[in-house]
Amino acid sequence: MPRPTLRCLAAAATFAAAAAAHAQAEDTMVRAILSDISAQRIEQRIRTLVAFETRHTQSETVSDTRGIGAARRWIERELRECSRATGGALQVQMRSHVEPAGRRLSQPTEIVNVVATLPGASAAAGRERVLVVSGHYDSRNTDVNDAAGIAPGANDDASGTAVVMELACAMAKHRFDATLVFMAVAGEEQGLLGAAQMARDARRDGVGIEAMITNDIVGSPRGDFGQHDPKRLRLFADGFDPLLRMLVASQGNAAPSEEEARRMASARETLQALALAGGGEDLPTHQLGRHLKAAGERYLPGFQVQLIQRRDRYLRGGDHLPFLERGYAAVRFTEPFENFRHQHQNVRVENGVAYGDLPEHVDMAYVADVTRVNAAGLATLALAPPPPRNVKLDATELTNSSTLQWDVDPAVAGYRIVWRATDSATWQQSREVGRVGRATLDDISKDNVIFGVMAVSARGHASLAAYPLPLVRR
């Protein structure tokens, strides 16, 4: 393909101006969602979940006022009410399976996830473009196997569950190109059981999950040494490490299933290609992290989304991991500090120090801001096209310029090339190139920067960046 002509560049400039104007106009929809988010509703939901006394995965299921059964039925009712209020926009269902007895389960136990789906407008959205956001509604105290004792779980993770419920109810009033799935999952404290089943089902059914976000322990900006930062939220995003772990773990499996063998082969191929091309920090999970940081900080000025290139906190994990380990882009939001006196503790007072995960240790305004960060990232991504396919960086001859190419999608209005210094975690520069499938940057050397290509909608919403693999002479 030829390089863009002056006419092409002029068209690109016109597109860039139009895209900027549409993006500004479209801001009103995203702003409306953010404005609709209520700290009061979030507090009410957190307190209601706490009032069930315990939501331990093996707690009672028959009572209407206590235990995990009462909690999940209440979550379902709330989501159905939000669906009713929006003309049936949300498809709400209970998805259950029985988990066998194990180290953290004394007997076979039904695990029930409450799932609300907002179908996308795109014909392919239901299978090819799905965005998932989750929080876990189960709770625990000091003894992970104590199914009867008080386990309020206000921050871990009624806060994340309230985020998901508020997102579902606010976003159901609008329509998006991609399908949005809002999940309140169970069994997290017993080993990520509910999320793992959802990830297995998605991979088995060939669901194209473009992004998965879990919100876990997002209720307080205060640390156990008195730190206080209500304008910061940690975002754990690393796709390379989980794939490596998955491959290493698979080496011990004598006879992997057919699905597992395919997954391993795909992961091995992905890792090898990216490693050879220097793309270890540019898997879809990394691109999702960059998108969420940029969108959150754009819509909440002064708020910092701290991007951390780890799959989770040190040697710990959450409900995004089963998705990561099946090749999906998945990240975790969590508060800037963790106060362990209010996490996995029996409720008590010792030497004048209060222990236990109670609502008085949750900052409801902060949880509302966390919800807005989620909403900004999800809404802007759900309104954007899918990432470009078959993106290549031309290395067929020696040159100081940089030529990239990709497949043109007829439904896309234009494309944006982004780049950053090799020691930068986020995109630093961009250039609109119009609706072309190949563009050359004469003033940027591929030796010095890392590139990505985004697809842009007519309204100015950009996809996740796609990392270019090298195009070499055969």
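Below: a short report on this structure.

Conventions we followed
Residues numbered from 1 in each chain as written. Predicted model: local features only at pLDDT ≥ 70, side-chain atom pairs only at ≥ 80, totals over all residues. Heavy atoms only, no water. Core = buried A, V, L, I, M, F, W, Y, C linked by side-chain atoms within 4.5 Å. Buried < 20%, exposed > 50% of the residue type's maximum accessible area, 1.4 Å probe, protein only. Helix = DSSP H or I, 4+ residues; strand = E, 2+ residues; numbered from the N terminus. Expected span 1.5 Å × (residues − 1). Contact = heavy atoms within 4.5 Å. Pairing = 2+ DSSP bridges. Axes fitted to C-alpha atoms, helices over the stretch in contact; angles between N-to-C directions. Phe/Tyr/Trp six-rings, centres within 6.5 Å; stacked < 30°, edge-to-face > 60°. Lys NZ or Arg CZ within 6 Å of the ring centre and 35° of its normal. Disulfide = S-S within 2.5 Å. Salt bridge = Lys/Arg side-chain N within 4 Å of Asp/Glu carboxyl O.

## Some thoughts on the nonpolar core
So, point 1. Phe176 and Phe182 are the most contacted members of the largest nonpolar core, which has 80 residues in total.
So, point 2. The leading source of residues in this core is helix α11 (residues 364–382), at twelve residues.
So, point 3. Judged by nonpolar contacts, the second largest core, of 19 residues, contains Val130, Val181, Leu192 and Ile209.

## Some remarks on helix α3 (residues 68–85)
So, point 1. An ideal rise of 1.5 Å per residue puts 26 Å on 18 residues; α3 measures up with 26 Å between its terminal C-alpha atoms.
So, point 2. Regarding α3, the residues found buried are Ile68, Gly69, Ala70, Ala71, Arg72, Trp74, Ile75, Glu76, Leu79, Cys82 and Ser83.
So, point 3. Summarising the contacts, the buried residues of α3 are in contact with α2 (39–50), β1 (91–99), β2 (109–118), α5 (154–171) and β4 (179–185).
So, point 4. Where α3 terminates, the next one or two residues include Gly87, which has phi positive at roughly 70°.

## Thoughts on the sheet that holds strand β6 (residues 232–236)
So, point 1. Judged by pairing direction, the sheet is mixed, and its eight strands sit side by side in the order β1-β2-β4-β3-β5-β8-β6-β7 without closing on themselves. Two strands close off the open sheet at either side, each with one partner strand: β1 and β7 (304–308). This sheet shows a mean twist of 25° between the axes of neighbouring strands, independent of strand direction.
So, point 2. Here β6 runs beside strand β8 (residues 330–334); their pairing, made up of three bridges, is antiparallel. By the bridge assignment for β8, Arg234 is matched with Thr334.
So, point 3. Strand contacts of helix α6 (residues 193–204): β1, β2, β4 and β5 (209–215), with the helix running at about 105° to β1, the strand carrying the most contacts.

## Considering the environment of His228
So, point 1. Looking at the secondary structure, you find His228 in the loop between β5 and β6.
So, point 2. Its relative accessible area of 40% is what places His228 among the partly exposed residues.
So, point 3. A sequence separation of 109 residues divides His228 from Phe337, and the C-alpha atoms of the two residues are 8.4 Å apart.
So, point 4. The contact partners of His228, leaving out residues within four places of it in the chain, are Pro221, Arg222 and Phe337.

## Overview of the packing of aromatic side chains
Two numbers describe a pair of aromatic rings. These are the distance of the centres and the angle of the planes.
So, point 1. Going through the model one piece at a time under the given rule, you end up with five aromatic pairs.
So, point 2. With centroids separated by 6.5 Å and ring planes inclined at 25°, the aromatic side chains of Phe303 and Tyr366 adopt a geometry described as stacked. Remark: Tyr366 occurs in helix α11 and Phe303 occurs in the loop between α9 (284–299) and β7; sequence separation between them is 63 residues.
So, point 3. The class of Tyr366 is buried, set by a relative accessible area of 1%.
So, point 4. Sitting over the ring of Tyr328, Arg203 keeps its end group 4.2 Å from the ring centre.

## Things to note about the state of the cysteines
The bond known as a disulfide is covalent and runs between the sulfur atoms of two cysteines.
So, point 1. If you walk through the whole model with that rule in mind, you get one disulfide.
So, point 2. At a sulfur-sulfur separation of 1.9 Å, the disulfide partner of Cys82 is Cys169. Looking down the S-S bond of the Cys82 and Cys169 bridge, the torsion is 85°, so its handedness is right-handed. Of this pair, Cys82 sits in helix α3 while Cys169 is found in helix α5, placing the two residues 87 residues apart along the sequence.

## Some words on the pairing of β5
So, point 1. Along β5, seven of the seven residues are buried, which leaves the element largely enclosed by surrounding structure.
So, point 2. Strand direction decides the pairing type here: strand β3 (residues 130–136) and β5, joined by five bridges, are parallel. What sits directly across from Ser134, in β5, is Thr214.
So, point 3. Of the pairings in the sheet, the one linking β5 to β8 comprises four bridges and is parallel in character. Looking across to β8, one finds that Asn215 is bridged to Phe333.

## Focus: the pattern of salt bridges
So, point 1. Enumeration according to the criterion identifies 31 salt bridges in this entry.
So, point 2. As a salt-bridge pair, Lys173 and Asp36 come within 2.6 Å of each other at their nearest N and O atoms. Separated by 137 residues along the polypeptide, Lys173 in the loop between α5 and β4 and Asp36 in helix α1 (residues 6–36) bring together distant segments of the chain.
So, point 3. Residue Lys173 is classed as partly exposed on the basis of its relative accessible area, which comes to 49%.
So, point 4. Asp312 serves as the salt-bridge partner of Arg332, at 3.2 Å between the closest nitrogen and oxygen.

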